[in-house]
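# Fold and contact review
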Amino acid sequence: VSPEEERRLAMRLAARSVVAKNTVEALQSGAIHGFAALVDGLVTRIRAEQSLDDTTAVVLTGALAPLLAEELSTPVRNEPLLTLHGLYRAFARNN
């Protein structure tokens, strides 16, 4: 198991409960649940400001996106290689 996989597992375990039993778990839980609440809140505000309905897609990208997606109340699509897909399309369009 790589150190990165260990960190992800630790974060996933910490995310099970909002209230933690020690400092490390509290920091991990706060990072996951706090960021999930931030994303949910931003999506709600953006949808209201732009007059978008709940069918508008929300896309997550990045290494921790699957972990975060589990904690969101907003339905999301995970695209871990979004940047690479965009770069490929730009390259293909120009060649």
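Structure first, text after, so check above.
This one's a predicted model, so the numbers in the text were calculated from it and none came from an experiment.

The next subject is the pattern of salt bridges. Inspection of every chain in the model, using the stated rule, returns 2 salt bridges. Arg-47 is paired through a salt bridge with Asp-54; the nearest N and O atoms lie 3.6 Å apart. The exposure class assigned to Arg-47 is buried, which follows from its relative accessible area of 11%. A relative accessible area of 66% means that Asp-54 is categorised as exposed.

Moving on to the nonpolar core. With 8 residues, the main nonpolar core is built from Ala-36, Val-39, Val-43, Val-58, Leu-60, Ala-65, Leu-68 and Leu-72. Of all the secondary-structure elements, those providing two or more residues to this core are α2 (23-49) and α3 (65-69). The element that contributes the greatest number of residues to this core is α2, accounting for 3 residues.

The general pattern is negative phi for most residues beyond glycine and trans for most peptide bonds. For Ser-51, which is not glycine, the phi dihedral falls at a positive 55 degrees. Mapped onto the elements, Ser-51 comes out in the loop between α2 and β1 (59-60).

Attention now goes to α2. Spanning 27 residues, α2 covers 38 Å between terminal C-alpha atoms, matching the ideal 39 Å at 1.5 Å per step. Inspection of α2 places Gln-28, Ser-29, Ile-32, His-33, Ala-36, Val-39, Asp-40, Val-43 and Arg-47 among the buried residues, and these make up the whole buried set. The N-cap of α2, judged by a side-chain oxygen 3.2 Å from the amide nitrogen of Val-24 a few residues on, is Asn-22. At the exit of α2 stands Ser-51, carrying a positive phi of roughly 55 degrees.

A few words on the environment of Met-11. With respect to the helices and strands, Met-11 occurs in helix α1 (residues 3-14). In this structure, the C-alpha to C-alpha distance between Met-11 and Ile-32, residues 21 residues apart in sequence, is 7.4 Å. Ignoring any residue separated from it by four or fewer positions in sequence, one finds Met-11 in contact with Gln-28, Ala-31, Ile-32 and Leu-67.

Rules used in this analysis
- Residues numbered from 1 in each chain as written.
- Predicted model: local features only at pLDDT ≥ 70, side-chain atom pairs only at ≥ 80, totals over all residues.
- Heavy atoms only, no water.
- Salt bridge = Lys/Arg side-chain N within 4 Å of Asp/Glu carboxyl O.
- Buried < 20%, exposed > 50% of the residue type's maximum accessible area, 1.4 Å probe, protein only.
- Core = buried A, V, L, I, M, F, W, Y, C linked by side-chain atoms within 4.5 Å.
- Helix = DSSP H or I, 4+ residues; strand = E, 2+ residues; numbered from the N terminus.
- Expected span 1.5 Å × (residues − 1).
- Polar contact = N/O pair within 3.5 Å; in protein donor to acceptor, adjacent residues only side chain to side chain.
- Contact = heavy atoms within 4.5 Å.

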